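Reading the structure
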Amino acid sequence: MTGLTPDRLRRDALLLVPDVTLTPEGPLELHAVVVRDGVFRDVGPVERIVRTHPSLTPVRLPGHVLMPGFVDAHHHLTQSFGGALAFGEPSEIFRRVWVPLERALDEESAYVAAKLAALEALRGGFTTVAEAGTRATVDVDVVASAARDAGIRCVLGLVCNDAADGAADDADPRAVFTAAERHLARYGADGLVHPSLAVSVPEAATAPTLAATARLAAEAGTVVQIHVNEHLVAVERSLVRHGLRPLEYLHHVGALGPQLLAAHATLLTPAEVTLLADSGAAVSYNPVASAWKGNAVAPATTFAERGIRFGLGTDGTRGDGFRLADAAEFAQRLTYGLASGDSSCGAGWTWWERATAGGADAVGLGRRTGRVVPGAAADFLLVDVTGPEMQPSWDLPWELVRRGNRDQLTAVFVAGRLRLWHGWPPDWDGPALVRRAAELGPRVVRRAGVTRAHPTSVTARRRAATPDASAAPHTTPAVPPPHGSVVPAPPPAGPAVPSPALPCPGGRR
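Residues numbered from 1 in each chain as written. Predicted model: local features only at pLDDT ≥ 70, side-chain atom pairs only at ≥ 80, totals over all residues. Heavy atoms only, no water.

1. Points about the pattern of salt bridges
Counted under the stated rule, the structure contains 21 salt bridges. Linking Arg-148 and Asp-190 is a salt bridge whose minimum nitrogen-to-oxygen distance equals 2.8 Å. With Arg-148 in helix α4 (residues 141-150) and Asp-190 in the loop between α5 (173-186) and β9 (193-199), this pair connects stretches of sequence that are 42 residues apart. Judged by its relative accessible area of 29%, Arg-148 falls in the partly exposed class. (Salt bridge = Lys/Arg side-chain N within 4 Å of Asp/Glu carboxyl O. Helix = DSSP H or I, 4+ residues; strand = E, 2+ residues; numbered from the N terminus. Buried < 20%, exposed > 50% of the residue type's maximum accessible area, 1.4 Å probe, protein only.)

Structural data, given as structure tokens:
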């Protein structure tokens, strides 16, 4: 795009003419879009659009696809300082890693952690993230401000737990209910931050609170985000406590319905799949988290066949929409497709659609974003397809899923505003944020006293090479200083202060 500069994309109104526009009908050539006041005002054939809007100068985008931004249906913005602390760990680690980490955040570090995660998401083509609720003891508006300042759309969950779940004490249900009402009202008219409610896991809230949050969310037209049927140990705890699996229990107490956004849903019986289909509940399918944390893989192709609403979520693993879509298809192929001889596994279109419009619907924003149609928010990407990976082009959705990558992103727009240009924000200092995160992150982790069950990869390699060392216990309750940073290094970390190993391991909550 010779001659194209960020300034040409910062106008109040834009008439954009890419080579291809990805619409709900598929990839369309010779189409243009008009962006004004943060929304798509018109979409259609170039000749008609140019003729209908003579006051606008067309901005030609040769070699580019204009497509909806990716939607991350499940994220934890304030866990970004954890990074590789979760690598190689057994599943359900929230008691040992995520809760201590988030509770060690103060106001500045919570803001920086959330903004860092938002920047990574934008760099990976995400224009919307669903934040599943932080355990940081700061006002949730700190997270809202970080998302807003970064320029990303955020479905902001407020944790409504009122029962001890091994990581918190009981809370007054009346105070929880009042806080939930206040949260929904606080962001009801916000342009980028959309309120939602959250319960960490079904066992973290009493039955009346589960039902009340479902009712509140349904009345407000938003979602309740709950980690459901993610790990075998959680399913077994629910069976012992209630005689019901977690999803069955939510149905039993009246919390299963269109307002539910069930995170993970990896361990489902056929009957529970039917419950999801009949209730209208949505799922965040998180394939990378399944691989990294040892979960099962949600039966997403079955979801698609049964008409179950679902989007794709990162669970904070890595903010790259292209790699997420690829992982979504790949996990289905390895887990279900190869065994049944299903060579399509939903084809490219399924995963592209679930990464965009399907994800928007799952997080409660289906009428607002996720599609390039008149009236929708102008949350979109300009993708350079001139490289060798995408030429010649035969099936663009498949190619974007399997061969696309975030290096191809020329520009990212949210609400009609240019938020990223070749990987960095044009109107605030992204590298400075990364440097500050590199300073704060190690301090927070040391303060948290995170406990790892496994050694670092280098230590594990040394143990494997030394028989005497490999026979030693593998518990590594200390967190080493960071290695391999590409930004100016923070002060020496020093030894971590370990927390005692807890009797019950814990996952990302």
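2. Points about the nonpolar core
Of all hydrophobic cores here, the largest spans 112 residues; its most connected members are Met-67, Phe-81, Leu-210, Tyr-285, Phe-303, Val-383 and Leu-400. Looking at this core, the element that brings in the most residues is helix α3 (residues 107-123), giving nine residues. Apart from the residues lying within four places of it in its own chain, the contact partners of Phe-81 are Leu-101, Leu-105, Ser-109, Val-112, Ala-113, Leu-116, Ala-437, Leu-440, Gly-441, Val-444 and Val-445. If you look at the next biggest cluster of nonpolar residues, it comprises 21 residues, including Val-35, Val-59, Ala-376 and Ala-411. (Core = buried A, V, L, I, M, F, W, Y, C linked by side-chain atoms within 4.5 Å. Contact = heavy atoms within 4.5 Å.)

3. Some remarks on the pairing of strand β1 (residues 13-23)
Within a regular strand, the side chains alternate between the two sheet faces. Of all eleven residues in β1, ten are buried, a share of seventy percent or more. Across four bridges, the pairing between β1 and strand β3 (residues 31-36) is antiparallel. By the bridge assignment for β3, Leu-16 is matched with Val-33. Bridge count between β1 and strand β5 (residues 58-68): six bridges; the pairing is parallel. Note on β5: the bridge partner recorded for Leu-16 is Val-59. For β1 and strand β2 (residues 26-29), the ladder comprises four bridges, and the chain directions are antiparallel. Considered in β2, the bridge of Leu-22 is made with Pro-27. Counted between consecutive antiparallel strands, the loop separating β1 from β2 contains two residues. (Pairing = 2+ DSSP bridges.)

4. Observations concerning the side chain of Arg-333
Topologically, Arg-333 is positioned in helix α12 (residues 321-340). Taking the relative accessible area as the measure of exposure, Arg-333 reaches 14% and is therefore buried. Within the structure, the side chain of Arg-333 is placed 2.7 Å from the side chain of Glu-329, a separation counted as a polar contact. Every residue in contact with Arg-333, bar those within four places of it in the chain, is listed here: Leu-338, Asp-342, Ser-343, Ser-344, Cys-345, Trp-398 and Arg-402. (Polar contact = N/O pair within 3.5 Å; in protein donor to acceptor, adjacent residues only side chain to side chain.)

5. Some remarks on helix α2 (residues 94-103)
Think of an α-helix as turning once every 3.6 residues; residues three or four places apart then point the same way. The buried fraction of α2 is high, at nine of ten residues. Taken together, the buried positions of α2 are Phe-94, Arg-95, Arg-96, Val-97, Trp-98, Val-99, Pro-100, Leu-101 and Glu-102. Buried positions along α2 lie against α7 (232-242) and α16 (430-448).

6. Remarks on the packing of aromatic side chains
Remark: the centre distance and the inter-plane angle together describe each pair of aromatic rings, the angle taken between the planes. Using the criterion set out here, one finds ten aromatic pairs in the structure. Where Phe-40 meets Phe-380, the ring centres are 5.6 Å apart and the plane angle is 45°; that geometry is what we call tilted. Residue Phe-40 is located in strand β4 (residues 39-45), and its partner Phe-380 is located in strand β14 (residues 380-384); the two are separated by 340 residues in the primary sequence. Phe-380 shares its class with Phe-40; the two are buried. Members of the aromatic cluster, joined through ring pairs, are Tyr-285, Phe-303, Phe-310 and Trp-351. (Phe/Tyr/Trp six-rings, centres within 6.5 Å; stacked < 30°, edge-to-face > 60°.)

7. Focus: the sheet that holds strand β11 (residues 260-264)
Strand order in the open sheet formed by eight strands is β6-β7-β8-β9-β10-β11-β12-β13, and the pairing between neighbours is parallel. Whereas interior strands pair on both sides, the edge strands pair on one side only; in this sheet they are β6 (70-75) and β13 (309-312). Pairs of neighbouring strands in the sheet enclose a mean axial angle of 25°, with direction left out of account. Pairing of β11 with strand β12 (residues 282-285), which is carried by three bridges, proceeds in the parallel orientation. Counterpart to Ala-262 in the pairing with β12 is Val-283. (Axes fitted to C-alpha atoms, helices over the stretch in contact; angles between N-to-C directions.)

8. Some details on the confidence of the model for the protein chain
For the protein chain, mean pLDDT is 89; residues scoring 70 or higher make up 90% of the total. Scored below 50 in pLDDT, residues 483-509 makes 67 contacts in the model with residues more than four places away or belonging to other chains. (pLDDT = per-residue confidence, 0-100.)

9. Some words on the packing of α3 against α4
Closest axis-to-axis distance for the α3/α4 pair is 8 Å, and the angle between their directions is 40°. Between α3 and α4, the angle is such that the two are oblique. Relative to α4, α3 is oriented so that their crossing is right-handed. For the pair α3 and α4, contact is made by Glu-107, Ala-110, Tyr-111, Ala-114, Lys-115, Ala-118 and Leu-122 and by Val-142, Val-143, Ser-145, Ala-146, Asp-149 and Ala-150, respectively. Of the residues in the contact of α3 with α4, the class split is nine nonpolar, one polar and three charged. (Parallel < 35°, antiparallel > 145°, perpendicular 65-115°, else oblique. Left-handed = near helix turned anticlockwise from the far one by under 90°. Nonpolar A, V, L, I, M, F, W, Y, C, P; charged D, E, K, R; others polar.)

10. Describing the packing of α5 against helix α6 (residues 207-220)
Helix-helix packing: each pair is described by the crossing angle between the helix axes and the interaxial distance. Where α5 meets α6, the closest approach of the two axes is 11 Å, and the angle between their N-to-C directions is 15°. Taken together, the axes of α5 and α6 lie roughly parallel to each other. Seen along the crossing, α5 lies across α6 with a hand that is right-handed. For the pair α5 and α6, contact is made by Pro-173, Val-176, Phe-177, Ala-180, Glu-181 and Leu-184 and by Thr-209, Ala-212, Arg-215, Leu-216 and Ala-220, respectively. Its residues placed into classes, the contact of α5 with α6 shows eight nonpolar, one polar and two charged.

11. Considering the state of the cysteines
Counting across every chain of the model gives zero disulfides. Cys-160 supplies the cysteine sulfur nearest to Cys-154, a cysteine that is in no disulfide, at a spacing of 15 Å. (Disulfide = S-S within 2.5 Å.)

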